[in-house]
2 protein chains.
Amino acid sequence: MSIAKVVVALGGNALQESGKPATAEEQLSVVNKTAEYLAEMSVKGYEMAVVHGNGPQVGRILLASETAAEVTPVMPFDVCGAMSQGYIGYHIQQGLREALRKRGRNIPVVTLVTQVVVDKEDPGFKNPTKPIGAFYSEEEAKRLQAEKGYVMKEDAGRGWRRVVASPIPKKIVELPAVKTLWDTTIVITAGGGGIPVIEKEDGSLSGVAAVIDKDLAAERLAEDIDADILVILTEVEKVSINYRKPDQKDLSVLTAAEAEQYIAEGHFAPGSMLPKVQAAVKFVKANPGRKAIITSLYKAVEALEGKAGTIIVS
Amino acid sequence: MSIAKVVVALGGNALQESGKPATAEEQLSVVNKTAEYLAEMSVKGYEMAVVHGNGPQVGRILLASETAAEVTPVMPFDVCGAMSQGYIGYHIQQGLREALRKRGRNIPVVTLVTQVVVDKEDPGFKNPTKPIGAFYSEEEAKRLQAEKGYVMKEDAGRGWRRVVASPIPKKIVELPAVKTLWDTTIVITAGGGGIPVIEKEDGSLSGVAAVIDKDLAAERLAEDIDADILVILTEVEKVSINYRKPDQKDLSVLTAAEAEQYIAEGHFAPGSMLPKVQAAVKFVKANPGRKAIITSLYKAVEALEGKAGTIIVS
C-alpha cells in the first residue's frame, strides 16, 4: 500500500489546557505533549499536514491590542490572525521537530503563513455571529459601531462584543507551497482556518475581519492536496447521537447519508461537533472511497488503524 | 548564464514610513510599494528569498502585551518575534503576489516561520545591549529585574528599558524547507533575523529573548543556500566613508580588505551601516567570486546590473 496522505485538524485542547493560565509557557507545554501524538502518526508512516485552531490565542492578541490602544495602534483582525499563525506555528514546529527527533525521524517541520480566500458575497458577512475581542459597555459599543463600522452585539449579559462573519473557505492561496513541500516536510498551514482574504474585482487580495472554521479549512486542504484521510481531533473519542442524554450512542462508523440525517435531526452542537461532522461529510462525498475520522488526539493512531474513533465513509 | 540566486535583506524603511502613524494599514501601503521593486527583480530573472527586519513591529507587539499585562499574560519575546513574522510576512506575501501578478508572473510567494539557532555561550548574553519594549520608571525596572530576571538599563534619559542580547546567527532551522521551495517559490524567511533559539544539551530547541541582526541572518541564509548575490537594502544608495562630513566619499566598489580597513577606522555606525558591511564582507570572504550589494530599495535593480549602489567583492 502506498503511503497515506493525512490532513490533521487540531482542536483547541491540543493547544491549551482549560483552567490553566493562558501563558505562552503553559501553551508550549501542552503543544509539546500534542506533538508526541502527531509524531507517533508520522512513525506509523502517515504523511501529514497540520491545521490548528486559534480562537483563544487570537482572542488574547486582539484583547492586548485593544487594551493598549492608547499607546500603540490597534491591529486589524486579519493581522491578529497572521500573528496567531506565527505564534502557534512556532510552538508546534518546535515541539514536533523534537518529538520526531527523539524517535529518530529527522523530518523537517515548517509553518506557512496562509491566506484563505472567502467569497465577499458569503451570507456570513450579512449576518455576522462570531464574537471576538474584548467586552464593552453599551455606550462604548455604540461608539465603536459608529466610528469603525463594527457590528456589536450583546453577549449573554456579559457585555457587548464585536461580531464578525464566519465565511466558507474557498481557496488556500499558499496551496502550491504546501504541495511542493508535501513529500519531504510536515507542513503546518491554514492556522486558525487561515487569514481570511477576499479577491477584489481586479484580482488582488485584501484581508477581512472574519473567522474561518478550521475544520472546514482542513477539509478544503484535504480535497486540494488529494488526501486519503481527513482526521479531525477533538475532546471526545467518538461522535455521539443523543449526546449527554440517557440514550447517548457513540458511533464507530457513520455514512455520509446517516450523518446528514443526524445533522437534520439536530444531534450536533453548532460551533462544536456540527462543523466537524459537516467537514467530514463534505470530504467523503467529494472523495468516495476515502475516509474522515473524528476522534481525540489520544486515540488518533488507533483510529487510523480502524480501532477507535468515528470513521465517516461515503 | 544561469539564473542568479539572490537573498534580499529589507531594511526598516521598506516596511514603514517614518513619521506616519504606525498602523497596520499604513504599513501595508508601504509594503505594497516595496513589493513593486522586489517584483521588478523577479522580472529581471533573479530567483530570490526575502529577509526582513522587525524592530518597530516586534516592539509594538511587546508594548501592547506589556500594557495589557493585567488582562492577559505577557508574551515572551521569542513568541513576539514569531508573531511579527506572521504579521509582516503576511503583508509582504500578499503585496508581492499582487505585484508579480500584475506583471504576469504567477510565482508563489510564502512566508516560513523561521527559528534561528544562536550559541548559548554567545558573548552577547553576558552583556545585553539591545533595548526592547516599553519604558519604565527606575522603581518598576528594579522590580522587573528582581521578579523576572530581566536586565534593565537606563535609556538616554527617557526611562528604563529591558535590554537583550544580539547573538550571532549560527543555523537556520527551517533551511531544508527554504531549499525545497527555492526553485518554484519566493520564500520570505528569517524575518526579524529569525526567532532566536538555543540548542539544549539534549539537542532540543528552546526560545530565548534576543534580537538577531537581520542582515547577518540574511548572510547566513545566503551562504547556506549558495546564493550568488547578497543584496542588503537600506535608506542610502551607496556606502560612504566620512559619512555626513565635508569629505564624504560614496563607494561604488569595495573589496573585503578595504571594507575591513574602513570598519577598523570606525567609518560605519554600529546598529546601522556597520552590520550591513560586516554581513557583506562575511559573505564574499566565504564565497570568493560572489558579490554583495548594499543599496537602496529604489536602486536595487540597477545595482544588480552593476549600475548603482555599492558592490562588495572578495
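All of these numbers come straight from a predicted model, not from anything done at the bench.

What counts, and at which threshold
Residues numbered from 1 in each chain as written. Chains lettered and ligands numbered in written order. Predicted model: local features only at pLDDT ≥ 70, side-chain atom pairs only at ≥ 80, totals over all residues. Heavy atoms only, no water. Helix = DSSP H or I, 4+ residues; strand = E, 2+ residues; numbered from the N terminus. Rg over C-alpha atoms; globule rule 2.2 N^0.38 Å. Contact = heavy atoms within 4.5 Å. Buried < 20%, exposed > 50% of the residue type's maximum accessible area, 1.4 Å probe, protein only. Pairing = 2+ DSSP bridges. Least-squares fit on C-alpha atoms with pLDDT ≥ 70 in both. Salt bridge = Lys/Arg side-chain N within 4 Å of Asp/Glu carboxyl O. Polar contact = N/O pair within 3.5 Å; in protein donor to acceptor, adjacent residues only side chain to side chain. pLDDT = per-residue confidence, 0-100. Expected span 1.5 Å × (residues − 1). Buried area = accessible area lost by both parts, 1.4 Å probe. Axes fitted to C-alpha atoms, helices over the stretch in contact; angles between N-to-C directions.

### With respect to the overall build of chain A
1) Next: Helix and strand counts for chain A come out as nine helices and 17 strands.
2) Next: Its C-alpha atoms give chain A a radius of gyration of 19 Å, near enough to 20 Å, the size a compact globule of 314 residues would have.
3) Next: Along the three orthogonal principal directions, the C-alpha set of chain A runs to about 60 × 45 × 45 Å.
4) Next: Restricting the contact set of chain A to residue pairs at least 6 apart, pairs at least 24 apart contribute 73%.

### Points about the pairing of strand 4 (residues 115–118) of chain A
Residues and elements named next belong to chain A.
1) Next: Judged by which residues are buried, strand 4 turns out to be covered on both faces: Gln115 and Val117 on one side and Val116 and Val118 on the other are all buried.
2) Next: Across four bridges, strand 4 lies against strand 10 (residues 195–199) in parallel orientation. In the strand pairing of strand 10, valine 116 is matched with proline 196.
3) Next: Pairing geometry for strand 4 and strand 8 (residues 169–172), over three bridges, is antiparallel. By the bridge assignment, valine 117 is partnered in strand 8 with lysine 171.

### Considerations on the relation of the copies chain B and chain A
1) Next: The transformation that overlays chain B on chain A combines an axial shift of 0.0 Å with a rotation of 180 degrees, and the residual RMSD is 0.0 Å. Accordingly, the operation relating the two chain copies is best matched by a two-fold axis.
2) Next: A shared binding surface is used by both copies, with 100% of the interface residues of chain B retained as interface residues in chain A.

### As for the environment of Thr185(B)
Residue and element names in this part refer to chain B.
1) Next: Counting through the fold element by element, threonine 185 comes out in the loop between helix 5 (175–182) and strand 9 (186–188).
2) Next: With 77 residues separating them in the primary sequence, threonine 185 and proline 108 have C-alpha atoms 5.0 Å apart.
3) Next: Sequence-distant contacts of threonine 185, defined by excluding residues within four places in its chain, comprise Met48, Ile107, Pro108, Val109 and Val110.

### Describing the pattern of salt bridges
1) Next: Tallied over the full model, the rule gives 45 salt bridges over all chains.
2) Next: The partner of Glu260(A) in a salt bridge is Lys285(A), and the shortest N-O contact between them spans 2.7 Å. Of this pair, Glu260(A) sits in helix 7 (residues 256–264) while Lys285(A) sits in helix 8 (residues 273–286); the two residues are 25 residues apart in sequence, bridging distant segments of the chain.
3) Next: The closest approach of N and O atoms between Arg161(B) and Asp155(B), which form a salt bridge, is 3.5 Å.

### Some thoughts on the side chain of Arg161(B)
All names here are of chain B.
1) Next: Structurally, arginine 161 is set in strand 7 (residues 160–164).
2) Next: For arginine 161, a relative accessible area of 16% corresponds to the buried category.
3) Next: A polar contact is formed between the side chain of arginine 161 and the backbone oxygen of glycine 133, at a distance of 3.0 Å.
4) Next: Not counting residues within four places of it along the chain, the set of residues in contact with arginine 161 comprises Pro131, Ile132, Gly133, Ala134, Phe135, Val151, Met152, Lys153 and Asp155.

### Focus on the confidence of the model for chain A
1) Next: Scored by pLDDT, chain A has a mean of 95; 99% of the residues are at 70 or more.
2) Next: Taken together, the chains of this predicted complex give a pTM of 0.96 and an interface ipTM of 0.96.

### As for helix 3 (residues 77–102) of chain B
Residue and element names in this part refer to chain B.
1) Next: Compared with an ideal rise of 1.5 Å per residue, which puts 26 residues at 38 Å, helix 3 spans 37 Å between its outermost C-alpha atoms and is within 8% of the ideal.
2) Next: Judged by how many residues are buried, helix 3 sits mostly within the fold: 24 of 26 residues are covered.
3) Next: Remark: glycine 104 follows helix 3 within two positions and exhibits a positive phi of approximately 75 degrees.

### Digging into the interface of chain B and chain A
1) Next: With 54 residues of chain B at the interface, the matching set in chain A holds 54 residues.
2) Next: When chain B packs against chain A, the two sides together hide about 4000 Å² of surface, and 68% of this comes from carbon and sulfur.
3) Next: Contact with chain A buries area across many residues of chain B, yet Tyr90(B), Arg97(B) and Val113(B) alone supply 15% of it, more than any other trio.
4) Next: Our count for the contact surface shared by chain B and chain A stands at 12 residue pairs in polar contact (both at pLDDT 80 or more).
5) Next: Going through the elements one at a time, helix 1 (24–43), helix 2 (55–67), helix 3, strand 3 (109–111), helix 5, strand 10 (195–199) and strand 11 (205–207) of chain B are the ones with two or more residues in the side of chain B that touches chain A.
6) Next: Counting residues per element, the side of chain B that touches chain A draws most heavily on helix 3 of chain B, at 14 residues.

### Overview of the sheet that holds strand 17 (residues 310–313) of chain A
All names here are of chain A.
1) Next: Strand order in the open sheet formed by eight strands is 3-9-2-1-12-16-17-15, and the pairing between neighbours is mixed. Edge strands, defined here as strands with exactly one partner in the open sheet, are strand 3 (109–111) and strand 15 (253–255). Strand-to-strand twist of the sheet, defined as the mean angle between neighbouring strand axes without regard to direction, takes the value 20 degrees.
2) Next: Two strands pair when backbone bridges link them, and strand 1 (residues 5–10) and strand 12 (residues 229–234) are joined in this way by four bridges, in the parallel orientation. Its bridge partner lying in strand 12, valine 6 is registered against isoleucine 229.
3) Next: On the sheet, helix 1 (residues 24–43) packs against strand 1, strand 2 (47–52) and strand 9 (186–188) and is oriented at approximately 170 degrees with respect to strand 1.
4) Next: Sheet contacts for helix 5 (residues 175–182): strand 1, strand 2, strand 3 and strand 9; angle to strand 2, the most-contacted strand, approximately 145 degrees.

### Describing the sheet that holds strand 7 (residues 160–164) of chain A
Paired through their backbone hydrogen bonds, the strands of a sheet run either parallel or antiparallel.
Residues and elements named next belong to chain A.
1) Next: Read from one edge to the other, the open sheet built from three strands follows the order 5-7-6, with strand pairing classed as antiparallel. Edge positions in the open sheet fall to strand 5 (130–136) and strand 6 (151–154), since each of these has one partner strand only. Averaged over all pairs of adjacent strands, the angle between their axes in this sheet comes to 40 degrees, without regard to strand direction.
2) Next: Pairing of strand 5 with strand 7, which is carried by four bridges, proceeds in the antiparallel orientation. Directly across from tyrosine 136, in strand 7, lies its bridge partner tryptophan 160.
3) Next: Contacts from helix 4 (residues 138–148) reach strand 5, strand 6 and strand 7 within the one sheet, and its direction differs from that of strand 5 by about 125 degrees.

### Re helix 8 (residues 273–286) of chain B
All names here are of chain B.
1) Next: Helix length check: helix 8, at 14 residues, gives a terminal C-alpha distance of 20 Å against a target of 20 Å (1.5 Å per residue), a fit within 8%.
2) Next: Extensive coverage of helix 8 is indicated by the burial of 10 of its 14 residues.
3) Next: Residues of helix 8 that are buried: Met273, Leu274, Pro275, Lys276, Val277, Ala279, Ala280, Val281, Phe283 and Val284.
4) Next: Its buried side turned inward, helix 8 meets helix 6 (214–224), strand 12 (229–234), strand 13 (239–241), helix 7 (256–264), strand 16 (291–296) and strand 17 (310–313).

### What to know about unusual backbone geometry
Most peptide bonds take the trans configuration, and most residues that are not glycine carry a negative phi.
1) Next: With a phi angle near 50 degrees, Ala156(A) is a residue other than glycine that sits in the positive phi range.
2) Next: Inspection of the secondary structure puts Ala156(A) in the loop between strand 6 and strand 7.
3) Next: In this model, Asn242(B) sits at a positive phi of 50 degrees, which is unusual for a non-glycine residue.
4) Next: Considering the arrangement of structural elements, one finds Asn242(B) in the loop between strand 13 and strand 14 (249–251).

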